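So you can see what is in the structure, the chains are spelled out below.
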Amino acid sequence: MSFCIHCGHKNREGSLFCVECDNLISLRSGRDETQTVSPLQAISQWPKFLPTSYEPGITLMVQTAQGVRSIRLSADKSLVLGRIDRDTLETPDIDLADLGALKYGVSRFHAVIDCTQEVHTLTDLGSRNGTFLNGRQLSPQQSHLLRHGDEIRLGKLVMHLHIQPVVQ
């Protein structure tokens, strides 16, 4: 059994995420043993989950009970994160519905990541359950600078930011 370092829940051996709290609990090493690490320690190993070819830009690593999923954001765009509105069928640029967005408290139009400048920013769009950057709740409509390795939380849906630098 693997025990979650965040909530103490017993998980199956080799589990990457806690089924109780969805936090990262372990990483597999090459020798098929499990080591418990914090989410920040795990960021350095996340590129193995990313596509093998990169273009400069941004990738969000989303952790859920089902595992890790990467979402590639288009460079030079401003993209709204949220979930589809089932009544009007309005859809944000990045629809997180298939990741349990409703269950995790993600608003229909929750936050925006702006990649149009040389720096990337995150802005809460007045969401009901809040947008958090590295554990701090953001004030609505105020842009905040994003950096490689940042943790973004929309409601209870946790993502980590991977910024691929421009190689010249």
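This text follows the structure it describes.
The following paragraphs examine the structure supplied in this document. Note that the structure is a prediction, hence the values are computed from the model and not measured.

Regarding the overall build of the protein chain
Link 1 in the chain: The helix and strand inventory of the protein chain stands at 2 helices and 15 strands.
Link 2 in the chain: Looking at the protein chain residue by residue over its 168 residues, the buried ones come to 44%.
Link 3 in the chain: Of the contacts made within the protein chain by residues no fewer than 6 positions apart, 37% connect residues no fewer than 24 positions apart.
Link 4 in the chain: For the protein chain, the computed accessible surface area is about 9400 Å², with 47% contributed by carbon and sulfur atoms.

Some thoughts on the sheet that holds strand E9 (residues 109-114)
Link 1 in the chain: As summarised here, the arrangement of the 5 strands in space is E8-E7-E9-E10-E13, forming an open sheet in which the pairing is mixed. Of all strands in the sheet, those bounded by a partner on one side alone are strand E8 (94-95) and strand E13 (143-146).
Link 2 in the chain: Of the strand pairs in this sheet, strand E7 (residues 78-82) and E9 are connected by 5 bridges, and their pairing is antiparallel. Residue Ser78 lies in a different strand from E9, and its bridge partner there is Asp114.

Notes on unusual backbone geometry
Link 1 in the chain: Positive phi values are uncommon outside glycine, yet Asn134 reaches one of about 55°.
Link 2 in the chain: Mapping Asn134 onto the fold places it in the loop between strand E11 (131-133) and strand E12 (136-137).
Link 3 in the chain: For Asn134, a relative accessible area of 44% puts it in the partly exposed group.

Reading guide: rules and limits
- Residues numbered from 1 in each chain as written.
- Predicted model: local features only at pLDDT ≥ 70, side-chain atom pairs only at ≥ 80, totals over all residues.
- Heavy atoms only, no water.
- Helix = DSSP H or I, 4+ residues; strand = E, 2+ residues; numbered from the N terminus.
- Buried < 20%, exposed > 50% of the residue type's maximum accessible area, 1.4 Å probe, protein only.
- Contact = heavy atoms within 4.5 Å.
- Areas by Shrake-Rupley, 256 points an atom, 1.4 Å probe, with all protein chains shown as cover.
- Pairing = 2+ DSSP bridges.

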